[in-house]
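# Structural overview for review
What follows is the residue order along each chain.
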Amino acid sequence: MEGVEASEKVKRTTPRLCSLCNQRKAALRRPKTLEQICRECFYNVFEDEIHRVIVENNLFKPGERIAIGASGGKDSTVLAYVLSELNKRHNYGLDLFLLSIDEGITGYRDDSLETVKRNEIQYGLPLKIVSYKELYQWTMDEIVKAIGLKNNCTFCGVFRRQALDRGAALIQADKIVTGHNADDIAETVLLNILRGDIARLSRCTSITTGEDGPIPRCKPFKYTYEKEIVMYAYFKKLDYFSTECIYSPNAYRGFAREFIKDLERIRPRAILDIIRSGEDFRISTTTRMPEQGTCQRCGYISSQKLCKACVLLEGLNRGLPKLGIGRKKGGSGEDQEQSKWHLENRALSLHGKHGNVEY
Amino acid sequence: MAVCGSACGTNCVPKDTEGEEGERLKRLSLEEESSVRRCTKCAEEEARKECNGLCAGCFRAYLYGKFKLAVTSNAMISPTDKVLVAFSGGPSSRVALEFIHEMQSKALACWDASNSQALPVFTVGVVFMEECNISDELSDQADDVIAQIRSIVSGLSPPSKDLHIVLMESLFSSDLRKLVGSINDATGREDFVRHLRMLSLQRVAFEFGYNKLVLGLSASGIARHVLSATVKGQGYSLPADMQYVDTRWKAPVVLPIRDCLEQELVTLCNLESLKHVQVHDKRCTSINGLVSSFLARLREDNSSREHTILRTAGKLKPFNFNKFSSNQYEYVPSRLRPKFQFIETGEPESSEVLCPICASPLTATELATTRCSQQMKGLNIKEMEAFYLSCCQSCHFQILPKEETSMSCDGFFDLLPKPMVKRSLLRDEIKDYLLEDS
């Protein structure tokens, strides 16, 4: 009896060893692979995988000025930290900057910007903040007051994309990097299937986009799991702002996000499998795809005569909150002014069928 | 109401029927008050709530129209065909069977009436695959289900149809239950049973001389497949299983109700009292189950979502086996034939290499890995190794045994049905060197 108890006691007190180094005690189970590993090995595999993604995909060249899209959230904070570390460790030779967008969301963005200001000091990276107010003369608070909570994410996403490009141009950046992680990209693949956006579906898994434009942008976290980013930030005790946007609850992306969380529980590798599927999709040559041009009004990249930001802004400034939202319908449901605007701009404003959150 | 002379149009109401017209108007206004809606198509019968504003008759015609368009525009069935309909008993395959029967009856009536009777009428057989011994389904209801199936098929005549009730495990000399049971992954198990089912259907078609296989796969089923395949990393091969025609098989597979939503088919079954077997919802812990419940949530939010998914996936490039070869279109009217015939480009179309388990085309990366491994092993490669190397990454992950599974690689390989083993690419290339007789 004593022998049994003793062996049970030994079982309980013997710590499980890290499956990678076999020396240190395992502290966590890796979400991507479910391996039980120690903290140090986790930091190593996490950083090493990102380094390999950067090298294998030729994301950077020495001497480039890189604007890191920084919101103060976990993804961009970890991105700034890791990129800074890898830049020194592997001599990428990059000039790194933090670029933040102030959408004007009281109680959310003003707090998260404080985090970015602290990151500026903690990581020694210069910070540039660009606001919706100065670019568009509208804050998200004002926009939500005007249009409600149904399509506000569309406005914010479209405006932020342009804002990042404008901010990057102001600091003469050669590239923008964003903290979009594997979960984000998998959600986008699913969303684009659900919404019928074949054009975005063909682009959304590219690790670098806009290479033929003035400022390309890339996503070093393309294969990095959101859970691992959280884990890294937690163990490294990084300073980040962890509240969800106060206006986001009604976003359609929530459907896809919930589904992916359930999927991850059954099969963790499904997130990477969705990305692989997205990379492997072959679009039929008979499918009509939009052609890239520039906006007649502001010169920004656009597949239509007017870019989405201009269309949405026009709607806001003329008090037509539904302008540029959803499919274009004629007749019923529109007031006279909208119909008139449509008639005037029929040739110009043939906006895409699914003008929603852009990646 | 204006009353005019004899030069007026037919819409005008003559004086002496004013009383009738008045009655009709009264009835219409009463109906408006009691909100009885008329069919948006024929404007005569009452619109049914579950039929998208149509009456029962127009709703049926709408679905049959989709079926007929799919069959004719893809040259799915020709007069000399012997068609096997896979009937699970569920509402989708029930409607497919009903529509095929109607098409056959109409063709027979034309043939009867025709003087020359030059073109024959295609024949139809029905197969029900009995699988409860292989998967974990309740077998005590099997006899009731079979009795219902027999009753349904015998009611579909003239012309009469041969019914084949087949026990899946009797088709192959393997212990399929043990084989399926050895697969750890729940999704892998379900998918493997699906692949076995196709193999079995093809076996039945071959044995009884059928040259086409009809599946009752609806738009909703395809939407499920699109999401499941995406989630399993099968983005390259996804288009292969969702087209109207699939000629990867000896008996090409056709999907005539591909454009009909499951909900529409269930509604039709209810409206016309089409007998079908109630499928019990079993608790699914697999990815397939998760996708089904996800789609159900999306459908509640927007009933057109399945069509959008189908439309998106429809823009993906199909494979060259998703079309019949040109000599199969001889019965298509000559004005339509050019649509089906290949345009000579001078470049031969590349043939895809298929996974021996799921028949999915392999990606360039998977093929390169297979070739590389084959080169490394050289001629010392065992048949089992050659087979495993030929499989796609999805089957490797969710079906083939790993170190931690109870069954060994050899044990699993020995239980595989021979037709599946024979499909392996590398086996084809090295079969002259194999010493074992398979």
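Residues numbered from 1 in each chain as written. Chains lettered and ligands numbered in written order. Predicted model: local features only at pLDDT ≥ 70, side-chain atom pairs only at ≥ 80, totals over all residues. Heavy atoms only, no water.

Chain B appears in an unreviewed UniProt entry as Cytoplasmic tRNA 2-thiolation protein 2 from Rhynchospora pubera. Taken from UniProt, the Subcellular location (unreviewed entry) comment for chain B reads in full: "Cytoplasm". Checking UniProt for chain B, the heading Pathway (unreviewed entry) contains the comment "tRNA modification; 5-methoxycarbonylmethyl-2-thiouridine-tRNA biosynthesis." (UniProt positions renumbered as here; feature names shortened; annotations may be inferred.)

For chain A, the name recorded in an unreviewed UniProt entry is Cytoplasmic tRNA 2-thiolation protein 1, with Rhynchospora pubera as its organism. The UniProt entry for chain A carries this comment under Pathway (unreviewed entry): "tRNA modification; 5-methoxycarbonylmethyl-2-thiouridine-tRNA biosynthesis." According to the UniProt record, the Sequence similarities (unreviewed entry) comment for chain A is "Belongs to the TtcA family. CTU1/NCS6/ATPBD3 subfamily."

Residues and elements named next belong to chain A. Contact pair helix H3 (residues 74-89) / helix H10 (residues 226-235): the axes reach a minimum separation of 10 Å and the direction vectors enclose 65°. On the basis of their axis angle, the class for H3 and H10 is roughly perpendicular. Relative to H10, the crossing made by H3 is left-handed. Residue-level contacts link Lys74, Asp75, Val78, Tyr81 and Val82 of H3 to Glu226, Ile229, Val230, Tyr232 and Ala233 of H10. Classifying every residue of the contact of H3 with H10 gives seven nonpolar, no polar and three charged. (Axes fitted to C-alpha atoms, helices over the stretch in contact; angles between N-to-C directions. Helix = DSSP H or I, 4+ residues; strand = E, 2+ residues; numbered from the N terminus. Parallel < 35°, antiparallel > 145°, perpendicular 65-115°, else oblique. Left-handed = near helix turned anticlockwise from the far one by under 90°. Contact = heavy atoms within 4.5 Å. Nonpolar A, V, L, I, M, F, W, Y, C, P; charged D, E, K, R; others polar.)

A few words on helix H9 (residues 262-271) of chain B. Inspection of H9(B) places B:Glu264, B:Leu265, B:Thr267, B:Leu268 and B:Cys269 among the buried residues, and these make up the whole buried set. In the segment just after H9(B), B:Ser273 is the residue with positive phi, at about 50°. (Buried < 20%, exposed > 50% of the residue type's maximum accessible area, 1.4 Å probe, protein only.)

Attention now goes to the sheet that holds strand S4 (residues 95-102) of chain A. Residues and elements named next belong to chain A. Here we have six strands laid out as an open sheet, ordered S5-S4-S3-S6-S8-S7, and mixed in their pairing. The open sheet has two edge strands with one neighbour each: strand S5 (127-131) and strand S7 (208-209). Of the strand pairs in this sheet, S4 and S5 are connected by five bridges, and their pairing is parallel. Paired with Leu99 across the two strands is Lys128, which belongs to S5. (Pairing = 2+ DSSP bridges.)

UniProt marks residues 293-323 of chain A with the feature "domain: Cytoplasmic tRNA 2-thiolation protein 1 C-terminal" (unreviewed entry), using the numbering shown here. For residues 293-323 of chain A, the helix share is 32%, the strand share is 13%, and the end-to-end C-alpha distance is 21 Å.

Looking now at unusual backbone geometry. With phi around 65°, A:Gln137 is a residue other than glycine that occupies positive phi space. Here A:Gln137 shows up in the loop between helix H5 (132-136) and helix H6 (140-147).

Glancing now at the environment of B:Leu176. Residues and elements named next belong to chain B. Its place among the elements puts Leu176 in helix H6 (residues 176-181). Along the sequence, Leu176 and Ser292 sit 116 residues apart, while their C-alpha atoms lie 26 Å from each other. If we ignore the near neighbours within four places in the chain, the residues touching Leu176 are Ile134, Met168, Glu169, Leu196 and Pro417.

Size of an interface, as often reported, equals the accessible area lost when the parts are brought together. Counting residues at the interface gives 31 residues for chain A and 36 residues for chain B. Across the chain A/chain B interface, buried area totals approximately 3000 Å², and carbon plus sulfur atoms make up 65% of it. Counting across the chain A and chain B interface gives two salt bridges. Close ionic contact of B:Asp185 with A:Arg267 constitutes a salt bridge, the shortest N to O distance being 3.2 Å. On inspection of chain A and its partner chain B, the count reaches twelve residue pairs in polar contact (both at pLDDT 80 or more). Secondary-structure elements contributing two or more residues to the side of chain A that touches chain B are helix H8 (182-195), helix H9 (198-203), helix H11 (253-266) and helix H12 (270-280) of chain A. Tallying contributions element by element places H11(A) first for the side of chain A that touches chain B, with seven residues. Counted by class, the side of chain A that touches chain B contains 16 nonpolar, five polar and ten charged residues. (Buried area = accessible area lost by both parts, 1.4 Å probe. Salt bridge = Lys/Arg side-chain N within 4 Å of Asp/Glu carboxyl O. Polar contact = N/O pair within 3.5 Å; in protein donor to acceptor, adjacent residues only side chain to side chain.)

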